[in-house]
Amino acid sequence: AALGETVHGRPRGWNSALCERQIQISSAAMESGEPAKPDPPKEPASEKPASPPKEAPAEAETKDPFQRISDSKKVTVHFRAVGGNTPIMKRKKFKVKAKNKFSSIVAFLRRSLKCKPGDSLFLYCSQSFSPSPDEIIDDLFNCFQDHNELVLNYCTTNCWG
């Protein structure tokens, strides 16, 4: 790539860690009114052995992903009907426990729309993909929230892939 061209949508030679550090330094300088000073040079490692890394938090996350989500946390889910013959719900927004899996939303919607076992129902997040049934609702909400709600589109025919 020539000078001035972009690589993967970013300027050539772009370094995210360096840019973030420069932003932190400049924002600190703006708040204090003093010119930003670079970090002092790091001291060489001492001869004493380093303490062993703590593995307890990492193990807790891998053992039970629900521990990081409080029992009282709820997420607002907004259902939007897509397609010509898709039934429309009277009430479109619901509060759902953040610890639930996406499969619980699918089961709830099938009951609400009175779908028969053979009827097809497609749910999409961000109008583009269908989440895995074992996906945690809080994770979807954190990644794809829109105006503090998780918008899920549903239809009876395959719309977006």
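Preceding this paragraph is the structure being described.
The following paragraphs examine the structure supplied in this document. (Residues numbered from 1 in each chain as written. Predicted model: local features only at pLDDT ≥ 70, side-chain atom pairs only at ≥ 80, totals over all residues. Heavy atoms only, no water.)

Our focus in this paragraph is the side chain of E149. Following the sequence through the fold, E149 ends up in the loop between α4 (137–144) and β6 (150–155). Among the polar contacts listed, one links the side chain of E149 to the side chain of H78, at a separation of 2.9 Å. Polar contacts involving the side chain of E149 include one to the side chain of K93, which spans 3.3 Å. Among residues more than four places away in sequence, those in contact with E149 are T76, H78, K93 and F141. (Helix = DSSP H or I, 4+ residues; strand = E, 2+ residues; numbered from the N terminus. Polar contact = N/O pair within 3.5 Å; in protein donor to acceptor, adjacent residues only side chain to side chain. Contact = heavy atoms within 4.5 Å.)

It is worth spelling out the side chain of H78 at this point. Structurally, H78 can be placed in strand β3 (residues 74–81). By relative accessible area, H78 is classed as buried at 12%. Excluding residues that lie within four positions of it along the chain, H78 makes contacts with K92, K93, E149, L150, V151 and L152. (Buried < 20%, exposed > 50% of the residue type's maximum accessible area, 1.4 Å probe, protein only.)

Judged by nonpolar contacts, the single largest core of 22 residues is most densely connected at F79, I105, L109, L123, L150, L152 and Y154. Looking at this core, the elements with two or more residues in it are β3, β4 (93–97), α3 (102–112), β5 (122–125), α4 and β6. (Core = buried A, V, L, I, M, F, W, Y, C linked by side-chain atoms within 4.5 Å.)

Taken as a whole and judged by the stated rule, the model has 3 salt bridges. Between K73 and D138 there is a salt bridge, with its nearest N and O atoms 2.6 Å apart. Pair noted here: K73 is in the loop between α2 (56–63) and β3 and D138 is in helix α4, with a separation of 65 residues, a long-range link. Classification of K73 as partly exposed rests on a relative accessible area of 29%. A salt bridge links K93 to E149, with the shortest nitrogen-to-oxygen separation between them at 3.3 Å. Here the residue K93 occupies a position in strand β4, and E149 occupies one in the loop between α4 and β6, the gap between them amounting to 56 residues. With a relative accessible area of 42%, K93 lands in the partly exposed category. Taking relative accessible area as the criterion, E149 reaches 11% and is therefore assigned buried. (Salt bridge = Lys/Arg side-chain N within 4 Å of Asp/Glu carboxyl O.)

With that out of the way, let us pick up α4. All buried positions along α4 are accounted for by I137, D138, L140 and F141. Each buried residue of α4 lies within a common arc of 160 degrees when the element is viewed along its axis, so the set occupies one face. Packing partners of the buried residues in α4 comprise β3, β4, α3 and β6. (Arc of directions from axis to C-beta.)

As a general feature of sheets, a regular strand has side chains that alternate between the two faces. Only one face of β4 is covered, namely the face carrying F94 and V96; the face carrying K93, K95 and K97 is uncovered. As paired strands, β3 and β4 are joined by 5 bridges and run antiparallel to one another. Within the sheet, the bridge partner assigned to T76 lies in β4 and is K95. (Pairing = 2+ DSSP bridges.)

Here 4 strands make up an open sheet; going across it, the order is β4-β3-β6-β5 and the pairing mixed. Two strands close off the open sheet at either side, each with one partner strand: β4 and β5. Pairs of neighbouring strands in the sheet enclose a mean axial angle of 35 degrees, with direction left out of account. Against the sheet, α4 makes contact with β3, β4, β5 and β6, and its axis sits at roughly 105 degrees relative to β6, the strand it touches most. (Axes fitted to C-alpha atoms, helices over the stretch in contact; angles between N-to-C directions.)

The next subject is the environment of P131. Note on placement: P131 falls in the loop between β5 and α4. For P131, a relative accessible area of 6% translates into the label buried. Between the C-alpha atoms of P131 and F102, which are 29 residues apart in sequence, the distance is 7.3 Å. If we skip the residues at most four places from it in the chain, P131 touches F102, L123, C125 and L140.

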